[in-house]
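Chain by chain, the residues run as shown.
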Amino acid sequence: GVTMPEDSLFEGVRQVRPGHYVKISDKGISEHPYWTLSFGGGNKYRSMDEAAEHFQELLDEAVKLRLDADVQIGAYLSGGLDSSTVLESMSRQYSEPIESFTIRYSQEAGDESHAAAATAKHFGISNTPVDISHADLVDNLKASVWHTELPVMNSHSSAKYVLSERASHVRKAVLTGSGADEFFIGYTMYSQQVLMEQKRNGANGEVERRLKQMLNRDQVAPGLMPVTGYRKYGRISKLFGNYPYQALRAVVFEKAVRPFLSRDMASQLNCDSSLSQLAERYQAKEKLAGLAPWRASQHMQISCDLPWYISTCMDDRLSLIHI
């Protein structure tokens, strides 16, 4: 069946849903929302500068709140925009020495340690590269799955497991840039979906050319589906009241994953049934109605991927293991 953020891999065990709290009393156990994701309200800023200024204030406040600790705090730094922005705010507001930690791969492809070192040097902050080999990824994969209690299709959790273990010898708390791509439309899939939507609405051949160019790069961005148009558009739009990218990913992955499954398991794989369950459990028609398709994708990413994958496999549980 479909797995949602409130589920777990253990029978009879549920997780508290994002934006909810649990109340336990002599009357029983009840769950209540304290925050709901909303894209309504329109643009309240008079200019981009005004919006940027307000964002800086909110970011500084968020970082400052997390600097109140009885241990020295470090930071994970990739050299990318997200973690570098957090580190910049941290450098202005934290009086203790800051230590940053960066994964360094033996292969040049995917290695961002040079950019991270340059960023740390710019802010006058110490940077420690954590070397991770293919053997490290393999050797720690089982442990990372055990502790996160969530099997995933890549080795990100294994890499973060090694990074957290080594960083814990120097710092017992770290800030990261995780979650920014979900909130600030950082993933390339959003650009792809905007182009696919333009193509569906009758845009000219330039859109098709840009789509093919996006998919013909030497290194296609992770998670980008190799398609220039929607799949099963009518079926998915009927189920979700929209077309989120997650549904496209499920349709494409179904065909790609079948050759790796046993005959019995492949016979049980039913993408249409899974999409129906997802749409029903997510209350998609109610939540996604009226949103631009890329906004629908963002809504599902923040509500599902962020708490179920990013926070679990990339940060919280892997860090808490090594306290």
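About the thresholds
Residues numbered from 1 in each chain as written. Predicted model: local features only at pLDDT ≥ 70, side-chain atom pairs only at ≥ 80, totals over all residues. Heavy atoms only, no water. Helix = DSSP H or I, 4+ residues; strand = E, 2+ residues; numbered from the N terminus. Rg over C-alpha atoms; globule rule 2.2 N^0.38 Å. Buried < 20%, exposed > 50% of the residue type's maximum accessible area, 1.4 Å probe, protein only. Pairing = 2+ DSSP bridges. Axes fitted to C-alpha atoms, helices over the stretch in contact; angles between N-to-C directions. Contact = heavy atoms within 4.5 Å. Phe/Tyr/Trp six-rings, centres within 6.5 Å; stacked < 30°, edge-to-face > 60°. Core = buried A, V, L, I, M, F, W, Y, C linked by side-chain atoms within 4.5 Å. Right-handed = clockwise from strand over helix to strand, strands pointing away. Polar contact = N/O pair within 3.5 Å; in protein donor to acceptor, adjacent residues only side chain to side chain. Salt bridge = Lys/Arg side-chain N within 4 Å of Asp/Glu carboxyl O.

Draft legend 1. Summary view of the overall build of the protein. Looking only at helices and strands, the protein features 14 helices and six strands. On C-alpha atoms alone, the protein measures out to a radius of gyration of 21 Å, which is about the 20 Å that the 2.2 N^0.38 rule sets for 323 residues. Judged by the C-alpha coordinates and their principal axes, the protein covers about 55 × 55 × 45 Å. Per-residue burial over the protein gives 36% buried out of 323 residues.

Draft legend 2. Looking closely at the sheet that holds strand S3 (residues 73-76). Ordered by their spatial adjacency, four strands build an open sheet running S5-S4-S3-S6, and the pairing between neighbours is parallel. A strand with exactly one partner marks an edge of an open sheet, and here the two such strands are strand S5 (126-132) and strand S6 (173-175). Across this sheet, the average inter-strand angle for adjacent strands is 35°, counted without regard to direction. Sheet strands touched by helix H2 (residues 81-93): S3 and S6. Its angle to S3, the strand with the most contacts, is close to 155°.

Draft legend 3. Layout of the pairing of strand S2 (residues 28-33). Bridging between strand S1 (residues 20-25) and S2 involves six bridges; their strand directions are antiparallel. Each residue of the ladder has a partner; that of Lys23, found in S2, is Ser30. Linking S1 to S2, which pair antiparallel, is a turn of two residues.

Draft legend 4. Highlighting the packing of aromatic side chains. Enumeration according to the criterion identifies four aromatic pairs in this entry. Residues Phe55 and Phe184 carry aromatic rings whose centres are separated by 5.2 Å and whose planes lie at 80° to one another, so their mutual orientation is edge-to-face. On the criterion of sequence distance, the pair formed by Phe55 in helix H1 (residues 48-65) and Phe184 in the loop between helix H6 (180-183) and helix H7 (188-200) is long-range, its members being 129 residues apart. For Phe55, a relative accessible area of 34% translates into the label partly exposed.

Draft legend 5. Structural detail: the nonpolar core. Core analysis: the largest hydrophobic core is formed by 33 residues, its most contacted members being Phe240, Leu248 and Leu275. Elements supplying a minimum of two residues to this core: H7, helix H8 (205-215), helix H9 (233-240), helix H10 (245-257), helix H12 (271-282), helix H13 (284-288) and helix H14 (293-320). Discounting residues that sit within four places of it in the chain, Leu275 has contacts with Ile236, Leu239, Phe240, Ala247, Ala250 and Val251.

Draft legend 6. Up close: the pairing of strand S4 (residues 99-105). The buried count for S4 comes to five of seven residues, which makes it a mostly enclosed element. Two strands pair when backbone bridges link them, and S3 and S4 are joined in this way by two bridges, in the parallel orientation. In the strand pairing of S4, Tyr76 is matched with Phe101. As a crossover connection, the stretch from S3 through H2 into S4 is right-handed.

Draft legend 7. Broad picture of the side chain of Ser144. Position of Ser144 relative to the elements: it lies in helix H4 (residues 134-148). Reaching out from Ser144, the side chain makes a polar contact with the side chain of Ser157 at a distance of 3.3 Å. Excluding residues within four positions of it along the chain, Ser144 makes contact with Ser157, Ser158, Tyr161 and Leu318.

Draft legend 8. Geometry of the pattern of salt bridges. Following the criterion strictly, the structure yields 16 salt bridges and no others. Residues Arg46 and Glu50 are paired through a salt bridge, measuring 2.9 Å at the closest nitrogen-oxygen approach. Accessibility expressed as a relative area gives 78% for Arg46, which makes it exposed. Arg200 serves as the salt-bridge partner of Glu197, at 2.9 Å between the closest nitrogen and oxygen. Within this pair, Glu197 and its partner Arg200 are both found in helix H7, separated by three residues, close to a single helical turn. Residue Glu197 is classed as buried on the basis of its relative accessible area, which comes to 15%. Arg200 gets classed as partly exposed once you look at its relative accessible area, which sits at 40%. Here the residues in one salt-bridge network are Glu6, Asp7 and Arg281, joined through shared partners.

Draft legend 9. Main features of unusual backbone geometry. One non-glycine residue, Ile185, adopts positive backbone phi at about 55°. Along the polypeptide, Ile185 turns up in the loop between H6 and H7. What makes Ile185 partly exposed here is its relative accessible area of 27%. Look at Lys232: it is not a glycine, yet its phi comes out positive at around 50°. As for its placement among the helices and strands, Lys232 is situated in the loop between H8 and H9.

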